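Structure assessment
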Amino acid sequence: MKKRILATTLLATCIAAPVMAADNQEMVMEARKVIKQFATQLKGELKKAMKEGGPVNAISVCNDKAPKITDEVSASSGWTVARTSLKPRATANSPLPWERKVLEEFEARKAAGADPKTLDYSDVVEEDGKKVFRYMKAIPTGKVCLNCHGGDEVKPEVEMRLKSLYPSDRARGFKVGDIRGAFVLKKTF
């Protein structure tokens, strides 16, 4: 009898595992679409602001518009959308313990030769008795990012504006290709 129960349990697990993997893959694809939507909107606003007034003007996009875009994309997609970093600009974007662990894993994978553009992570956890799908995608530092997130590249007027808006700013000293942070998405199902 015990062997039959064990065999049935193993069979059920083997059947369910590919379904769960397929469900997770669908969730990953959906999460990537949400990130693309968010990143496209944010990038468009940043380009416009840079064109109109350079990096000092673009800071207002990150400070004022990025939270609104985050809220809009979250509301329209059904996902909770956020950004985090090991070196956050705003303390509100400090990583949760699981996010920190993933970011540190991203850094280890990058150090081992992985391309930051390919780094992502997903899992399913239980929170308050409900299943939650979590997804993170690394944000690589591009050349234009150095205007506000670089080291010596940051101009004095940008430095002053950043200090006035973000007194606890740690989002500095990045180089092209560094992991600036990550998009974080969650969805309860």
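Fair warning: this is a prediction, and the values are worked out from it, not measured in the lab. Residue positions are given per chain, counting from 1 as you read along its sequence in written order. Totals for whole chains, interfaces and linings use all residues, but because this is a predicted model, local features are given only for residues with pLDDT of at least 70 and pairs of side-chain atoms are given and counted only at 80 or more. Only hydrogens and water are set aside; all other atoms, that is, all heavy atoms of the structure, feed into the side-chain values.

Looking at the overall build of the protein
As a reminder, the rule being used: Counting from the N terminus, the helices are the DSSP runs of H or I reaching at least four residues and the strands are the DSSP runs of E reaching at least two. Relative accessibility under 20% of the residue-type maximum defines a buried residue, over 50% an exposed one, and the middle range a partly exposed one, all with a 1.4 Å probe and only protein chains included. Any two residues whose heavy atoms approach within 4.5 Å at even a single point are treated as in contact. Residue exposure ignores everything except the shown protein chains as possible cover, and the areas themselves are Shrake-Rupley values with a 1.4 Å probe.
Within the protein, the regular secondary structure consists of four helices and four strands. Reading the protein from its N terminus to its C terminus gives the helix and strand order α-β-α-β-β-α-α-β. Sorting the 189 residues of the protein into buried and exposed places 34% on the buried side. At a minimum sequence separation of 6, the contacts of the protein that also span at least 24 residues come to 68%. When the accessible surface of the protein is totalled, it reaches about 11600 Å², and 58% of it is carbon and sulfur.

Digging into the environment of Arg89
As a reminder, the rule being used: We define a polar contact as two N or O atoms separated by no more than 3.5 Å, with the added condition that, inside protein, one atom must be a possible hydrogen donor and the other a possible acceptor, whereas residues neighbouring each other in sequence contribute only through side-chain atom pairs.
Tracing the sequence through the fold places Arg89 in the loop between strand E1 (80-84) and helix H2 (97-111). Judged by relative accessible area, Arg89 falls into the buried class, the value being 11%. It is 5.4 Å that separates the C-alpha atoms of Arg89 and Arg170, two residues lying 81 residues apart in sequence. Setting aside its immediate chain neighbours within four residues, Arg89 contacts Cys148, His149, Leu162, Tyr166, Ser168, Asp169, Arg170, Ala171, Arg172 and Arg180. At 3.1 Å, the side chain of Arg89 forms a polar contact with the side chain of Asp169. In terms of polar contacts, Arg89 uses its side chain to reach the backbone carbonyl oxygen of Ala171, at 3.2 Å.

Remember that the coordinates give geometry; whether it matters functionally is a separate question.
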